[in-house]
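The residues making up each chain are set out below.
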Amino acid sequence: HKLKSLPDELGKLDNLELLSVAANEIEFLPLSLCECSNIQSIIVSQNKLETPPPEIVAEGTEAIVQYMRTLMEAETYKRLDLRQMG
């Protein structure tokens, strides 16, 4: 069976350093992923990702976390600022 989603509780894993969910059917990473303060590597190749988009994923883990953080802030403050996005 392939994963179709990841739980929002993922963000509570303070010691998470590596997230490897390649070759699944995941469309969206949970916004809470940006709360994993020790995350060093996110491997999401061979998924059906819509969020974050492929161009962000191609930039690597730091870009993914920043993208998710921007979306989370937009949801929290009801304001989206894309000036710092690549």
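Each value, and the rule that gives it
Residues numbered from 1 in each chain as written. Predicted model: local features only at pLDDT ≥ 70, side-chain atom pairs only at ≥ 80, totals over all residues. Heavy atoms only, no water. Helix = DSSP H or I, 4+ residues; strand = E, 2+ residues; numbered from the N terminus. Rg over C-alpha atoms; globule rule 2.2 N^0.38 Å. Buried < 20%, exposed > 50% of the residue type's maximum accessible area, 1.4 Å probe, protein only. Contact = heavy atoms within 4.5 Å. Areas by Shrake-Rupley, 256 points an atom, 1.4 Å probe, with all protein chains shown as cover. Lys, Arg positive; Asp, Glu negative; His and termini not counted. Charge placed at Lys NZ, Arg CZ, Asp CG, Glu CD. Core = buried A, V, L, I, M, F, W, Y, C linked by side-chain atoms within 4.5 Å. Salt bridge = Lys/Arg side-chain N within 4 Å of Asp/Glu carboxyl O.

*Asks:* What's the story with the overall build of the protein in this structure? I'm lost.
*Replies:* For the protein, the count of helices and strands is two helices and two strands. Taken over the C-alpha trace, the protein has a radius of gyration of 12 Å; the compact-globule value for 86 residues is 12 Å, and the two agree within 12%. For the protein, the proportion of its 86 residues judged to be buried stands at 37%. Sequence-distant contacts in the protein: of pairs separated by 6 or more residues, those separated by 24 or more amount to 24%. Approximately 5,900 Å² of the protein is accessible, and the part contributed by carbon and sulfur atoms is 48%. The averaged location of the 14 negative side-chain charges in the protein is 4 Å from the averaged location of its 8 positive side-chain charges.

*Asks:* Help me understand the nonpolar core in this model?
*Replies:* Core analysis: the largest hydrophobic core is formed by 21 residues, its most contacted members being L6, L19, L29, L33, I39, I42 and M68. If one sorts the elements of this core by residue count, helix α2 (residues 61-77) sits on top with five residues. Apart from the residues within four sequence positions on either side, L29 is in contact with L6, V44, L49, T51, P52, I64 and M68.

*Asks:* What am I meant to see in the side chain of S32 here?
*Replies:* Following the sequence through the fold, S32 ends up in the loop between β1 (18-20) and β2 (41-43). Residue contacts for S32: discarding those within four places in its chain leaves P7, D8, E9, L10, G11 and M72.

*Asks:* Can you walk me through the pattern of salt bridges in this structure?
*Replies:* Oppositely charged side chains can pair when the atoms bearing their charge come close. Here the structure, examined in full by the defined rule, presents one salt bridge. Taking the shortest distance from any N to any O, the salt bridge between K4 and E25 comes out at 2.7 Å. You can see K4 sitting in the segment before β1 and its partner E25 sitting in the loop between β1 and β2, a full 21 residues away along the chain. When its relative accessible area of 25% is taken as the criterion, E25 is described as partly exposed.

*Asks:* Would you explain unusual backbone geometry in this entry?
*Replies:* Only a minority of non-glycine residues have a phi that is not negative, and only a minority of peptide bonds are not trans. Here the bond from T51 into P52 is cis, since omega is 0°, no more than 30 degrees from zero. Among the secondary structure elements, P52 is positioned in the loop between β2 and α1 (54-57). For Q46, which is not glycine, the phi dihedral falls at a positive 60°. Residue position: Q46 is located in the loop between β2 and α1.

*Asks:* Is there a simple way to think about the environment of K48 in this case?
*Replies:* Checked against the element boundaries, K48 lands in the loop between β2 and α1. Sequence separation between K48 and F28 is 20 residues, and the spatial gap between their C-alpha atoms is 8.2 Å. Setting aside chain neighbours within four positions, we find K48 in contact with E25, I26 and E27.

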